[in-house]
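Understanding the architecture of this molecule
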Amino acid sequence: MTKAKGTGPSGTAPPGSSGITVIVVGLGIGGLSAVIECQRKGHHVIGIEQQSSLKPIGDSIGLASNAATVVKKWGDGSVDAALAPLLNLPDTMDICDSAGKLLVRSRMAGYGEGHGYPCHRGELAMVLYEHARTLECVEFRLGHRILDYWEDNTRAGVIMDGERLAADCVIAADGVHSQARRFVSGDDGRPHSSGYAMYRAWFDAEAVATDPETRWVVDNTETAERDNTWVFIGEDIHLMLGTAKAGKEVFWMCTHKDVYDIGESWSFPGKVEDALKIIENWPIAQTLRPVLIKTPANRLIDFKLLWRDPLDTWISKSGRIMVIGDAAHPYLPTSGQGAGQAIEDAATVAITLELSGRRDVKAGLKVAEKLRYQRACKIQQMGIETRDSWHKADWDQLEQNAAIIEMPRPHWIFGHDCQEYAYAEFEKAMHSVRTGVEYQPSNIAPEGEDHQKVDFQAHVAATGVAA
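This structure is a prediction, so every number in the text was calculated from the model and none was measured.

Here's the deal with the side chain of R200
Following the sequence through the fold, R200 ends up in strand β12 (residues 192-204). Since its relative accessible area comes to 7%, R200 is described here as buried. Setting aside chain neighbours within four positions, we find R200 in contact with D59, S60, R121, W252, M253, R299, L300, I301, F303 and P333.

Shown next, in the form of structure tokens:
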């Protein structure tokens, strides 16, 4: 049986020492994490992105404590320090009905300050990119569109702009519209609609803060150095509204039934008036309207929440191309774990390649899949369950126990250390790869335990630490 050694959960290997060259396709948060983690474990990395430059576009994202455990190690804490001024600082999330009545005040353990990184996704990506650019044995190819993937028994790579680029393996983090997924699975590469779409906006809070009618949104943020977050729920709709950077910015997002065909553009500029029509029958609408109409025209998008059924495998036929993140398991925003699980993918595969070595790259990718597959699929399903608990709320049950609509924060998700787990479980998972014996993971909810059990808050209260 393979003996797991390696550098350990917090260790780094000398740059390029593994002899393994990895192509990473897609430089979103998952791809950048793969670049950084593979470099930390001694691999040479080539990062490819079709955009000619990376820009801080996007809106709110929450990296929870399980992902923060990985990120905090980067650059000996310099990445953590760079992110500190960019963070939202939520203590609680007030979940309300469509009249604005408070149903439950949910603590934000696992996402809040000291536990996670709730921030602007574009700003987060830029911090990661700037750090990755400083690393040895990393090269970037921006502005290159992948025309095709290829592999044989000894190498794998991509074809782009007439160039046939080769490496020991390819890690594809190319998102929900993944071209690599089609190569891996043989399907037509098209996601299908989840039945919902989402308006998303993020903008400067000045206009909201200076208007007496909307000032309530930023109340107590600057003096307390904290942020406010609300979720308003109704039938087949929920709207999240909050502040960022201690009241300096405002974001909102509204998940609604998708009325367009999947063949239409998956993302396009949104109109505030269209969003307001969705909630026009809510009693709280007249309070929300003055806030929403302050959204600058170029700061609102409406995009489809696309879905892909779980793949049978994340790894290509010849075993040298692996999809991770949204390319493998796209999440709904209500999971709160999309980027976090992509980071867990990235950290895990970097370790399994380190431990398998260049002579056994294919087995290393298979081990990463063993360690990640069931966990990723279960958390993917939880996003649907959370959305449905809001959109199809049982109001009689809520009268008895409003806690059932809290965002789940079970310790098996938020308290997990994927790097520690990868080293501890490598031999067991490799044995499964070698023999075909079914791998039984321990990074999911224990048998018989409610997988949504909200025990992370209790863990923090008891120990004072996030993991």
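Here's the deal with the pairing of strand β5 (residues 102-107)
In this sheet, β5 lies alongside strand β4 (residues 92-97) in antiparallel orientation, the contact comprising five bridges. Residue pairing in the sheet places T92 in a bridge with R107 of β5. Hairpin connection, β4 to β5: the antiparallel pair is bridged by four residues, and G100 has positive phi, about 90°.

Thoughts on the state of the cysteines
Taken as a whole and judged by the stated rule, the model has zero disulfides. Summary of cysteine pairing: C38 is not part of a disulfide, and the nearest cysteine sulfur, belonging to C169, is at 7.0 Å. Accessibility expressed as a relative area gives 0% for C38, which makes it buried.

Focus on the pattern of salt bridges
Summed over the entire model, instances satisfying the criterion amount to 20 salt bridges. Between R141 and E163 there is a salt bridge, with the nearest N and O atoms lying 3.2 Å from each other. A residue pair is termed long-range when its members are at least 10 positions apart, and R141 in strand β7 (residues 138-142) and E163 in strand β10 (residues 163-167) qualify at 22 residues.

Some thoughts on the nonpolar core
Counting residues in each nonpolar core, the largest one holds 105 residues, and the members touching the most others are Y149 and V323. Not counting residues within four places of it along the chain, the set of residues in contact with Y149 comprises V25, G157, V158, V170, A172, D174, Q179, A180, F183 and I321. In this structure, W230, L241, W282 and L292 belong to the second largest nonpolar core, which totals 28 residues.

Focus: the environment of G42
By the element assignment, G42 lies in the loop between α1 (29-40) and β2 (44-49). According to the relative accessible area criterion, G42 is buried, its value standing at 0%. For the pair G42 and I20, spaced 22 residues apart in sequence, the C-alpha to C-alpha distance is 7.9 Å. Beyond its immediate sequence surroundings of up to four residues, G42 is in contact with A13, P14, P15, G16, S17, S18 and G19.

What about the sheet that holds strand β11 (residues 169-172)?
Taken in spatial order, the five strands of this open sheet run β7-β2-β1-β11-β18, and their pairing is parallel. At either end of the open sheet lies a strand with only one pairing partner, and these are β7 and β18 (321-323). Strand-to-strand twist of the sheet, defined as the mean angle between neighbouring strand axes without regard to direction, takes the value 20°. Relative to β2, strand β1 (residues 21-25) runs parallel, the two being bridged by five bridges. Opposite I23, over in β2, you have I46 as the bridge partner.

About the thresholds
- Residues numbered from 1 in each chain as written.
- Predicted model: local features only at pLDDT ≥ 70, side-chain atom pairs only at ≥ 80, totals over all residues.
- Heavy atoms only, no water.
- Helix = DSSP H or I, 4+ residues; strand = E, 2+ residues; numbered from the N terminus.
- Buried < 20%, exposed > 50% of the residue type's maximum accessible area, 1.4 Å probe, protein only.
- Contact = heavy atoms within 4.5 Å.
- Pairing = 2+ DSSP bridges.
- Disulfide = S-S within 2.5 Å.
- Salt bridge = Lys/Arg side-chain N within 4 Å of Asp/Glu carboxyl O.
- Core = buried A, V, L, I, M, F, W, Y, C linked by side-chain atoms within 4.5 Å.
- Axes fitted to C-alpha atoms, helices over the stretch in contact; angles between N-to-C directions.

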